[in-house]
Amino acid sequence: MLRMLFQGLALLNGTQLITSIGAEAVERARIIARQADVVAALTLEVLKGTTRAFDSGRFTLAILVRMNNFLQTSQNIQRIRPHKGQAQVAKRLKSLLHSDTHPSEMAESHRFCNRVQDAYTLRCCPQVHGVVHDTIEFVRELITVEMNSATDNPVMIIMLVFAERGEILSGGNFHGEYPAKALDYLAIGVHELANMSERRIERLVNPALSELPAFLVQDGGLNSGFMLAHCTAASLVSENKVYCHPASVDSLPTSAGTEDHVSMGAMAARKALTVVENVERVIAIELLAACQAVEFLRPIRTTAPLEAVYDLVRTVVRPWDVDRFMAPDIDAATTLLQDDRVWEAVRPHVERYQAEQAVETRPSSPTSTISRSYKRRRIDNNNSWDDILEDPESPSQVI
């Protein structure tokens, strides 16, 4: 009888519910996060962005430092702000975009354009997507510990039995605060993928920003194209902002004051999973929009991994020439992402890049600044310095 009661509590007690829903949320978040990097790379490509902000290979960055009277150098952009997720995303983007391993006609087509720099939602993907990856990894580790922990209560919900000592101890392992806090954090973190994606969709559909037909369709006065798809993405992002309010900051006492602090973790878990589901749909809309943009840039081609993404999408969704009901197409793209098929399409290309590309391809671009290399010169006895311009063709870079 006790065992039956114990098994019933395992199904009903809050900690198991929080952890099971949270496990699904964090795994789906992990799957969509790395594919969000891929979709962002495709969007950057069709918007004629640059890879220079993603430099993570070895090169010299000249920095004049007055401390200790010497010139210090660092070897790459990501290493001077060495967050794990940031470096991971930068490396992934470089492996997908123009390189010696994966050349891109699209990238070469605007090599000498006059654009100074890209928007934050393109240029700052390593920094914003990176912290999402770090957040997911943190939550995944915590949920893994929780899944392998003893949080059951065979007697009176708050009891643990230690048979080897012959004791029944009242403990608190049942409390859901750990997964509750982590899943609130997960919702806040993964939401940023959709937040960034929606802004990139805006750039794709806005001809003033994309240099593409308005709303990615011909005959704009007759067809609305991706206008309403963008509205859908915007509504999902706004909905997520409500869901990102943390549930675990709340608590209401029950049981005559005995249960005087509760985690509200079940709500945190449910909200986190809803946020992830909404993120999947927003990224799906961006994926469709970026593939539609490719249609207007043909016959030039992008890199092999991004062409593989385009080909995959076209197996389930055809290009838009006139308006049609878009829900089935969004559903189809969402399913591709949920099944991790976008990542599977690019993975062999990413692995090839990592195996073959020993030194990063760093083409000249107007979105980077060819620097002046400075050398120090003491000009008085007060340790002041005068910057002297050296050879303007110096390989040093200031980014």
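Small disclaimer: the values here were computed from a predicted structure and weren't measured.

Q: Looking at this structure, how should I read helix α9 (residues 227-243)?
A: Side chains three or four residues apart in an α-helix point the same way, a direct result of the helix having 3.6 residues per turn. Counted at 1.5 Å a residue, the expected span for α9 with its 17 residues is 24 Å, and the 25 Å between its end C-alpha atoms agrees. For α9, the complete set of buried residues consists of Ala 229, His 230, Ala 233, Leu 236, Val 237 and Asn 240. The buried residues of α9 occupy one face: seen down the axis, they fall within an arc of 120 degrees. The exposed residues of α9 that point more than 90 degrees off its buried face are Leu 228 and Val 242.

Q: Any chance you could explain the environment of Val 309 here in plain terms?
A: If you trace the backbone, Val 309 turns up in helix α11 (residues 304-314). Classification of Val 309 by relative accessible area gives buried; the value is 1%. Between the alpha carbons of Val 309 and Val 39 there is a distance of 8.6 Å; along the sequence they are 270 residues apart. When neighbours within four sequence positions are excluded, Val 309 is seen to be in contact with Val 38, Leu 42, Leu 287, Val 342 and Val 346.

Q: Sorry if this is basic, but what is going on with the environment of Leu 42 here?
A: Among the structural elements, Leu 42 can be located in helix α2 (residues 14-46). Leu 42 sits 249 residues away from Cys 291 along the chain, and the two C-alpha atoms are 8.0 Å apart. When residues no more than four places from it in sequence are discounted, the contact partners of Leu 42 are Leu 287, Ala 290, Cys 291, Val 294, Leu 306 and Val 309.

Q: Whenever I open this one, unusual backbone geometry confuses me. Can you help?
A: The omega torsion of the bond from Arg 298 to Pro 299 falls at 15 degrees, within 30 degrees of zero and hence cis. Phi angles above zero are rare outside glycine, and Phe 215 is one such case at about 60 degrees. For Phe 215, the position within the fold is in the loop between α8 (207-210) and α9. The phi dihedral of Asp 219 is positive, around 55 degrees, even though this residue is not glycine.

Q: Quick question: what am I supposed to make of α11 here?
A: With 9 of 11 residues buried, α11 lies mostly within the body of the structure. Of all the positions in α11, only Pro 305, Leu 306, Glu 307, Ala 308, Val 309, Tyr 310, Leu 312, Val 313 and Arg 314 are classed as buried.

Q: So what exactly am I meant to see when it comes to the environment of Ala 29 here?
A: You can see Ala 29 is positioned in helix α2. We classify Ala 29 as buried; its relative accessible area is 0%. Measuring from C-alpha to C-alpha, the distance between Ala 29 and Leu 273 comes to 8.6 Å, with 244 residues separating the pair along the chain. Beyond its immediate stretch of four places on either side in the chain, Ala 29 contacts Ile 136, Leu 186, Val 190 and Val 276.

Q: Quick question: what am I supposed to make of the packing of helix α6 (residues 125-147) against helix α7 (residues 177-205) here?
A: Geometrically, a packed helix pair is captured by the angle between its two axes and the distance between the axes. Relative to each other, α6 and α7 sit at 155 degrees, their axes nearing to 9 Å. Regarding the angle of α6 to α7, the classification is roughly antiparallel. By crossing handedness, the relation of α6 to α7 is classed as left-handed. Along its contact with α6, which presents Cys 125, Val 128, His 129, Val 132, Thr 135, Ile 136, Phe 138, Val 139, Leu 142, Ile 143 and Glu 146, the element α7 presents Tyr 178, Pro 179, Ala 182, Leu 183, Tyr 185, Leu 186, Gly 189, Val 190, Glu 192, Leu 193, Met 196 and Arg 200. For the contact of α6 with α7, the residue count by class is 17 nonpolar, 3 polar and 3 charged.

Q: Teacher, can you tell me more about the packing of helix α10 (residues 265-295) against α11 here?
A: It is the contact of α10 with α11, at a shortest axis distance of 10 Å, that shows an interaxial angle of 105 degrees. When the interaxial angle is binned, α10 and α11 end up roughly perpendicular. Residues Leu 287, Leu 288, Cys 291, Gln 292, Val 294 and Glu 295 of α10 form the contact with α11, whose own contacting residues are Val 309, Tyr 310, Val 313 and Arg 314. Its residues placed into classes, the contact of α10 with α11 shows 7 nonpolar, 1 polar and 2 charged.

Thresholds applied
- Residues numbered from 1 in each chain as written.
- Predicted model: local features only at pLDDT ≥ 70, side-chain atom pairs only at ≥ 80, totals over all residues.
- Heavy atoms only, no water.
- Helix = DSSP H or I, 4+ residues; strand = E, 2+ residues; numbered from the N terminus.
- Expected span 1.5 Å × (residues − 1).
- Buried < 20%, exposed > 50% of the residue type's maximum accessible area, 1.4 Å probe, protein only.
- Arc of directions from axis to C-beta.
- Contact = heavy atoms within 4.5 Å.
- Axes fitted to C-alpha atoms, helices over the stretch in contact; angles between N-to-C directions.
- Parallel < 35°, antiparallel > 145°, perpendicular 65-115°, else oblique.
- Left-handed = near helix turned anticlockwise from the far one by under 90°.
- Nonpolar A, V, L, I, M, F, W, Y, C, P; charged D, E, K, R; others polar.

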